[in-house]
Amino acid sequence: RREWLEGLRELPANVLIIEYRGYGRSEGQPNEAGVYRDARAAYDWLLREKHIAPERLVILGESLGGAVAAELATQVQCRGLILQSTFTNAGDMSKLVVPFIPMRWFIRTKFDTLAKIATISVPKLILHARDDEVIPFAMGERLYAAAQPPKECHWFDRGGHNGIFVTVLEEYH
């Protein structure tokens, strides 16, 4: 994500990026409740230690992070929510990964971004590339359709799952 982080530095904003438990150099095992707690801890830290007003915070989540960002936006005050290359829910993704097994009945993980997006009242921006090879573009469209106003979307013709900020940098900014 180096290119993405370098690009974010060009924005007239401060950025805090977190590693969820079990990812990168973070300790612990990743699980749904745990990554939600990690995001909330980062949010609380910004308010408590950096004295950032909640109405100045825009929560951004990419891929799995979009599900976490949506959960956080249902729990806290913020200025807006950006979901980038985000899936609808874990059940829908499991159908893509193992279509011949009804994994939806077996998995306990929900990461139900689709259910949450309809309850979020702050402005929302949904970003997705049409050629995303990991999370189908149709999932971005479903999230946008389920979101209540105020909402906007931007669909990129190319960029795949991990390359929007590299492939179409000017358009992304």
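Scoring rules and cut-offs
Residues numbered from 1 in each chain as written. Predicted model: local features only at pLDDT ≥ 70, side-chain atom pairs only at ≥ 80, totals over all residues. Heavy atoms only, no water. Salt bridge = Lys/Arg side-chain N within 4 Å of Asp/Glu carboxyl O. Helix = DSSP H or I, 4+ residues; strand = E, 2+ residues; numbered from the N terminus. Buried < 20%, exposed > 50% of the residue type's maximum accessible area, 1.4 Å probe, protein only. Contact = heavy atoms within 4.5 Å. Patch = residues over 30% accessible without salt bridge, like charges linked within 9 Å, V, L, I, M, F, W, Y side chains within 5 Å. Areas by Shrake-Rupley, 256 points an atom, 1.4 Å probe, with all protein chains shown as cover. Disulfide = S-S within 2.5 Å. Core = buried A, V, L, I, M, F, W, Y, C linked by side-chain atoms within 4.5 Å. Phe/Tyr/Trp six-rings, centres within 6.5 Å; stacked < 30°, edge-to-face > 60°. Lys NZ or Arg CZ within 6 Å of the ring centre and 35° of its normal. Axes fitted to C-alpha atoms, helices over the stretch in contact; angles between N-to-C directions. Parallel < 35°, antiparallel > 145°, perpendicular 65-115°, else oblique. Left-handed = near helix turned anticlockwise from the far one by under 90°. Nonpolar A, V, L, I, M, F, W, Y, C, P; charged D, E, K, R; others polar. Right-handed = clockwise from strand over helix to strand, strands pointing away. Pairing = 2+ DSSP bridges.

Caption draft 1: Representation of the pattern of salt bridges. With the rule as written, the count across this model stands at six salt bridges. Between Arg142 and Asp92 there is a salt bridge, with its nearest N and O atoms 3.0 Å apart. Here Arg142 is found in helix α6 (residues 137-146), whereas its partner Asp92 is found in helix α4 (residues 90-97), with 50 residues between them in sequence. Under the relative-accessibility criterion, Asp92 is labelled buried at 7%. With its nearest N and O atoms 3.2 Å apart, the salt bridge here joins Asp157 to Arg130. Of this pair, Asp157 sits in the loop between β4 (151-156) and α7 (164-167) while Arg130 is found in the loop between β3 (124-129) and α6, placing the two residues 27 residues apart along the sequence. The class of Arg130 is partly exposed, set by a relative accessible area of 43%.

Caption draft 2: Region of the structure containing α6. Taken as a whole, α6 has its buried residues at Phe137, Met139, Gly140, Leu143 and Ala146. Looking at the buried positions of α6, the neighbouring elements they touch are β2 (80-84), α4, α5 (113-117), β3 and β4.

Caption draft 3: Expanded view of a nonpolar patch on the surface. On the surface, Leu16, Ile18 and Trp45 cluster together into a nonpolar patch covering about 240 Å² of accessible area. Relative to the elements of secondary structure, Trp45 occurs in helix α2 (residues 32-49). A relative accessible area of 33% places Trp45 in the partly exposed class.

Caption draft 4: Local environment of the state of the cysteines. Under the definition given, this model contains zero disulfides. This cysteine, Cys153, is not joined by any disulfide, and Cys78 carries the nearest cysteine sulfur, 19 Å off. Residue Cys153 is classed as partly exposed on the basis of its relative accessible area, which comes to 28%.

Caption draft 5: Spotlight on the nonpolar core. Formed by 34 residues in total, the largest nonpolar core has its most connected members in Ile59, Val68, Leu81, Leu83, Phe87, Phe111 and Ile117. Listed by contribution, the elements that provide at least two residues to this core are α2, α3 (64-75), β2, α4, α5 and α6. A per-element tally of this core places α3 first, with six residues. Membership of the second largest hydrophobic core comes to 10 residues, among which are Phe156, Ile164, Val168 and Tyr172.

Caption draft 6: Seen up close, the packing of aromatic side chains. One pass over the structure, following the stated rule, counts six aromatic pairs. Ring centres 6.2 Å apart and planes at 35 degrees place the aromatic pair Phe156 and Tyr172 in the tilted group. On the criterion of sequence distance, the pair formed by Phe156 in strand β4 and Tyr172 in helix α8 (residues 169-172) is long-range, its members being 16 residues apart. This pair shows no difference in class: Phe156 is buried, exactly as Tyr172 is. Feature note: the residues Phe137, Tyr144 and Trp155 constitute an aromatic cluster, connected by ring pairs. The aromatic ring of Tyr144 is capped on one face by Lys151, whose charged end is 4.4 Å from the ring centroid.

Caption draft 7: Quick peek at the packing of α2 against α3. Between α2 and α3, the least distance of the axes is 9 Å, while the angle of their chain directions is 60 degrees. What the angle tells us is that α2 and α3 run oblique. Viewed along their axes, α2 and α3 form a crossing whose handedness is right-handed. Contacts between α2 and α3 involve Val35, Tyr36, Ala39, Arg40 and Tyr43 from the former and Ala67, Val68, Glu71, Leu72 and Gln75 from the latter. Residue composition of the contact of α2 with α3, grouped by class: seven nonpolar, one polar and two charged.

Caption draft 8: Fine view of the pairing of β2. Burial within β2 is extensive, with five of its five residues counted as buried. On β2, burial covers both faces: Gly80, Ile82 and Gln84 on one face and Leu81 and Leu83 on the other are all buried. For the crossover from strand β1 (residues 58-62) across α3 to β2, the handedness is right-handed. In the sheet, β2 pairs with β3 via four bridges, with the strands oriented parallel. Considered in β3, the bridge of Ile82 is made with Leu125.

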